[in-house]
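# Architecture and fold: a report
This is what each chain is made of:
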Amino acid sequence: GAVVSQHPSWVICKSGTSVKIECRSLDFQATTMFWYRQFPKQSLMLMATSNEGSKATYEQGVEKDKFLINHASLTLSTLTVTSAHPEDSSFYICSARDQGDGYTFGSGTRLTVV
Amino acid sequence: GENVEQHPSTLSVQEGDSAVIKCTYSDSASNYFPWYKQELGKGPQLIIDIRSNVGEKKDQRIAVTLNKTAKHFSLHITETQPEDSAVYFCAARGGTGRRALTFGSGTRLQVQP
C-alpha cells in the first residue's frame, strides 16, 4: 500500500531556532499533501494544504511566515517551523492523497522547543 | 466549513464485547468518511472507510455504517481484543472543493482483558 515517510520522528531545539520536517511519498506521487498539528490528548488540526508547484493554503489562525511549507516535487513536502518557541511544541503529522483517493499519514514528528 | 463531532470520548469494554463509536458531520456534501486508529506517539492508521454511495461496509471484526439523511456514521468493533486499545478518530471530507479531512475529537478505547 501507499507509504508516507516522515522525518525526523522527534526533535528537540532551542527557542529561536528553526526546524525542518520532511514528508515523502515513497511509492506514489502526491500532488497534494496536508500538514496537521496535534496537541496532547487532542485531535488533529489541519494547518495547511500543500500543492506541488504552488503556494500552500493555510488555515485560519496559522501563521504562514512561521510555518513555511515547500512542496517542490511530487514526492516531497517540507514544513519548517521558524523561530520556534515553547508553545510550538507539538506533534506534527503530514498526510498525502494517495492513488486510491484515500489519505496516507506519516508517522509524525514530536517537536519539543526548550 | 465541515464540523465533525465524535462520542464517546472514552470507552471501556471487556475483552470479547463489542464497541461502538459514533460521529456526526455538518456538511451534507461530504462524501468520504474514514476511521483511523492512533497509538501513542504514532501517526493515524486507516482501519476502514466508507463513501457516500454506500450505507455499510465490513472488514472482519470492523464495520462502519453511514446514514446520509441523519448525517452520522458509526464504527462497530466486535469481539474486541486488548490490542484494539487505542485512540480512534473519525473524519469526513467535505464535498465542495476542500479536500482535506476534518477529524472528530477522538475516542480512547480501553479493552479490559
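Residues numbered from 1 in each chain as written. Chains lettered and ligands numbered in written order. Predicted model: local features only at pLDDT ≥ 70, side-chain atom pairs only at ≥ 80, totals over all residues. Heavy atoms only, no water.

Moving on, we get to the packing of aromatic side chains. How two aromatic rings sit relative to each other is given by the distance of their centres and the angle of their planes. All chains considered together, the criterion is met by 13 aromatic pairs over all chains. With centroids separated by 6.0 Å and ring planes inclined at 55°, the aromatic side chains of Tyr25 of chain B and Phe73 of chain B adopt a geometry described as tilted. A residue pair is termed long-range when its members are at least 10 positions apart, and Tyr25 of chain B in strand S3 (residues 19-25) and Phe73 of chain B in strand S8 (residues 72-77) qualify at 48 residues. When its relative accessible area of 6% is taken as the criterion, Tyr25 of chain B is described as buried. Judged by centre distance (5.8 Å) and plane angle (45°), the rings of Tyr36 of chain B and Phe103 of chain B are tilted. Note that Tyr36 of chain B is positioned in strand S4 (residues 32-38) and Phe103 of chain B in strand S10 (residues 101-103), a separation of 67 residues in sequence. Like Tyr36 of chain B, the residue Phe103 of chain B is buried in the burial classification. Within the aromatic cluster, the residues linked to one another by ring pairs are Tyr36 and Phe105 of chain A together with Tyr36, Phe89 and Phe103 of chain B. (Phe/Tyr/Trp six-rings, centres within 6.5 Å; stacked < 30°, edge-to-face > 60°. Helix = DSSP H or I, 4+ residues; strand = E, 2+ residues; numbered from the N terminus. Buried < 20%, exposed > 50% of the residue type's maximum accessible area, 1.4 Å probe, protein only.)

Turning next to unusual backbone geometry. Where the residue is not glycine, phi is negative for most of them; where a peptide bond is considered, it is trans in most cases. For the peptide bond that leads from His7 of chain A to Pro8 of chain A, omega is -5°, which places it in the cis range. Its place among the elements puts Pro8 of chain A in the loop between strand S1 (4-7) and strand S2 (10-13). Here the residue pair His7 of chain B and Pro8 of chain B is connected by a cis peptide bond, since its omega of -5° sits within 30 degrees of zero. Its location among the elements puts Pro8 of chain B in the loop between strand S1 (4-7) and strand S2 (10-14). Unusually for a residue other than glycine, Gln60 of chain B sits at a positive phi of about 60°. Assignment of secondary structure puts Gln60 of chain B in the loop between strand S6 (56-59) and strand S7 (62-67). Since its relative accessible area comes to 70%, Gln60 of chain B is described here as exposed.

This part is about the interface of chain B and chain A. Across the boundary between the two partners, chain B contributes 18 residues, which contact 20 residues of chain A. Around 1400 Å² of area is buried between chain B and chain A when both sides are counted, 50% of it from carbon and sulfur atoms. Interface area lost by chain B to chain A is led by Pro44, Arg99 and Phe103 of chain B, which between them contribute 26%. The tally of links from chain B across to chain A stands at zero salt bridges. (Contact = heavy atoms within 4.5 Å. Buried area = accessible area lost by both parts, 1.4 Å probe. Salt bridge = Lys/Arg side-chain N within 4 Å of Asp/Glu carboxyl O.)

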